[in-house]
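Topology and contacts: notes
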Amino acid sequence: AAAGSLLGVKLSEQKSFPVGQVNFLQLYPLTFLEFLDALGYEKLTEIISTKIDFLPLNNGIHEKLIELVRRYIMVGGMPEAVFEYSLDESKFLEVRDIQKEILKSYEHDFVKHTTAHQAQKLSQTWALIPSQLAKENRKFIFSAIKKSARGRDFEGTLKWLFDAGMIYQASAVSKPGLPLISYAEADIFKVYLLDTGLLGALSGLDPSAWTIGNQLFSEFKGSLTENFVAQQYAADNQSSALHYWRSGNTAEVDFIISEHQKIYPVEVKSGTSLQAKSLRVYRERFSPKICCRVSSLNFSKNESVCNVPLYAVNRLSALIESQAMTDSNPIQ
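All of the points below concern the structure found in this document.

Basis of the calculations
- Residues numbered from 1 in each chain as written.
- Predicted model: local features only at pLDDT ≥ 70, side-chain atom pairs only at ≥ 80, totals over all residues.
- Heavy atoms only, no water.
- Helix = DSSP H or I, 4+ residues; strand = E, 2+ residues; numbered from the N terminus.
- Buried < 20%, exposed > 50% of the residue type's maximum accessible area, 1.4 Å probe, protein only.
- Areas by Shrake-Rupley, 256 points an atom, 1.4 Å probe, with all protein chains shown as cover.
- Core = buried A, V, L, I, M, F, W, Y, C linked by side-chain atoms within 4.5 Å.
- Contact = heavy atoms within 4.5 Å.
- Phe/Tyr/Trp six-rings, centres within 6.5 Å; stacked < 30°, edge-to-face > 60°.
- Pairing = 2+ DSSP bridges.
- Patch = residues over 30% accessible without salt bridge, like charges linked within 9 Å, V, L, I, M, F, W, Y side chains within 5 Å.
- Salt bridge = Lys/Arg side-chain N within 4 Å of Asp/Glu carboxyl O.
- Lys, Arg positive; Asp, Glu negative; His and termini not counted.
- Charge placed at Lys NZ, Arg CZ, Asp CG, Glu CD.
- Axes fitted to C-alpha atoms, helices over the stretch in contact; angles between N-to-C directions.
- Parallel < 35°, antiparallel > 145°, perpendicular 65-115°, else oblique.

What about the overall build of the chain?
Per the secondary structure count, the chain includes twelve helices and nine strands. For the chain, with 332 residues in total, the buried portion stands at 51%. A total accessible area of about 16,000 Å² is found for the chain, and carbon and sulfur atoms account for 51% of it.

Digging into the nonpolar core
Membership of the largest hydrophobic core comes to 88 residues, with the highest contact counts inside it found for Phe32, Leu36, Tyr106, Trp126, Phe228 and Tyr311. Among the elements that take part in this core, helix α4 (residues 59-75) stands out by supplying eight residues, more than any other. Sequence-distant contacts of Tyr311, that is, excluding residues within four places in its chain, are made with Phe32, Leu33, Ile48, Leu57, His62, Leu65, Ile66, Val69, Asn298 and Phe299. If you look at the next biggest cluster of nonpolar residues, it comprises nine residues, including Ala251, Val253, Val281 and Tyr282.

With respect to the packing of aromatic side chains
Tallied over the entire structure, the rule returns 18 aromatic pairs. Taking the centre distance of 5.2 Å and the plane angle of 80 degrees together, the rings of Phe35 and Tyr72 count as edge-to-face. Here Tyr72 lies in helix α4 and Phe35 lies in helix α2 (residues 32-38), a separation of 37 residues in the sequence. Residue Phe35 shares its accessibility class with Tyr72, and that shared class is buried. Between Phe110 and Trp126 the ring centres are 6.4 Å apart and the planes differ by 75 degrees, which places this aromatic pair in the edge-to-face class. You can see Phe110 sitting in helix α6 (residues 92-113) and its partner Trp126 sitting in helix α7 (residues 116-133), a full 16 residues away along the chain. Of the two residues, Phe110 and Trp126, neither departs from the other in class, the shared state being buried. Feature note: the residues Phe32, Phe35, Tyr72, Tyr85, Phe92, Trp210 and Phe228 constitute an aromatic cluster, connected by ring pairs.

Considering the pairing of strand β1 (residues 167-173)
Where burial is concerned, most of β1 is hidden: seven out of the seven residues are buried. Side chains Ile167, Gln169, Ser171 and Val173 of β1 all project onto a buried face; the interleaved residues Tyr168, Ala170 and Ala172 project onto the opposite face, where all are buried too. Pairing of β1 with strand β2 (residues 184-193), which is carried by seven bridges, proceeds in the antiparallel orientation. Looking at the pairing, Tyr168 lines up with Tyr192 of β2. The pairing of β1 with strand β3 (residues 241-247) spans five bridges and is parallel. Looking at the pairing, Ser171 lines up with His243 of β3.

Details of a negative patch on the surface
Together, Glu34, Asp37, Glu42 and Asp236 make up a region of like negative charge exposed at the surface. The topology assignment puts Glu42 in helix α3 (residues 42-49). Judged by its relative accessible area of 46%, Glu42 falls in the partly exposed class.

Some words on the environment of Ala241
Within the element layout of this structure, Ala241 appears in strand β3. Each C-alpha atom of the pair Ala241 and Gln169 lies 5.5 Å from the other, and the pair is 72 residues apart in sequence. Non-local contacts of Ala241, meaning those with residues more than four positions away in its chain, are made with Phe162 and Gln169.

Concerning the environment of Pro207
With respect to the helices and strands, Pro207 occurs in the loop between α9 (196-203) and α10 (223-237). Spatially, the C-alpha atoms of Pro207 and Val75 are 8.5 Å apart, while their sequence positions differ by 132 residues. Apart from the residues within four sequence positions on either side, Pro207 is in contact with Met74, Phe92, Leu93 and Arg96.

Remarks on the packing of α3 against α4
Close contact between α3 and α4 brings their axes to 12 Å; oriented N to C, the two are set at 105 degrees. Comparing the axis directions of α3 and α4 gives the class roughly perpendicular. Packed against α3, whose contacting residues are Leu44, Ile47 and Ile48, the element α4 presents Ile61, Lys64, Leu65 and Leu68 at the interface.

Focus on the pattern of salt bridges
Two side chains carrying opposite charge are able to pair once their charged atoms lie near each other. One pass over the full model with this rule turns up eleven salt bridges. Between Glu67 and Lys64 there is a salt bridge; the shortest N-O distance is 3.8 Å. Of the two residues, Glu67 and Lys64 are both situated in helix α4; the distance of three residues between them amounts to about one turn of the helix. Lys64 gets classed as partly exposed once you look at its relative accessible area, which sits at 29%. For Arg246, the salt bridge goes to Glu185, with nearest N and O atoms at 3.8 Å. Separated by 61 residues along the polypeptide, Arg246 in strand β3 and Glu185 in strand β2 bring together distant segments of the chain. Using a relative accessible area of 16% as the deciding quantity, one classes Arg246 as buried.

The following block contains the structure:
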């Protein structure tokens, strides 16, 4: 048995490999539900884990869960950070020190496991991710790393970070067809960090930001919230490869997911406004029976649009399946 954050990188460099004799287990940062368990909120975990409809929760429970989402976004799911926080829920500064140490260890791995030239490119790419996420459309642009940079000069660094499990990559699809990977545009994608806590530390976000209320969800132009959703979905589905839908420069839906051979759009809202132009464009063009909107608001359903609170993202697949079974018409 072997363990390590860079196994995906190191094993890819071997000249021979015992095919059929090795089982891989991919570990991710703790999900929000695992975070609740670690803090002793098992009853709240049970409430979410057994939810199969879109009837609103008790407002007091809803507000408590949204507060815990804000705390999770700052703490993240790295085990040592969560353990430290579980000892004292006021230890945000101590948690940030742990996150900084983890980031330092990543930087050391760049040097330890690559050439000096590649390590420099890895550091440049890694440090740029927060600013790339803060852009309006989040699309990763290589020239932002270096004005003369071309995709082929830096695509190897992204692959290294992806293989090391340090980033999630969401590829654009212009048509929501199955399998999604067949419709992915290789040169148009967004990059998310493996953990929201590390994203906050890497970007220098003040650890006390969770106290500003739901305004936190709008930081980085809402990218913290998107990163949270990407992190939860990747862990639940054991895949760091995600997809989103775009129609030129006119519309973009944050995530496109495949469940039971059907495709569903998922729009992430960082504020309380539920207006979603891109989701409306998608509905008019493809007529999905179910659309998902993830926000800080309580459960609700309006025709085909289902609102999923941020704290229930880990239940997204189960909620979709339950809603599909209750609909009188088959899902298209």
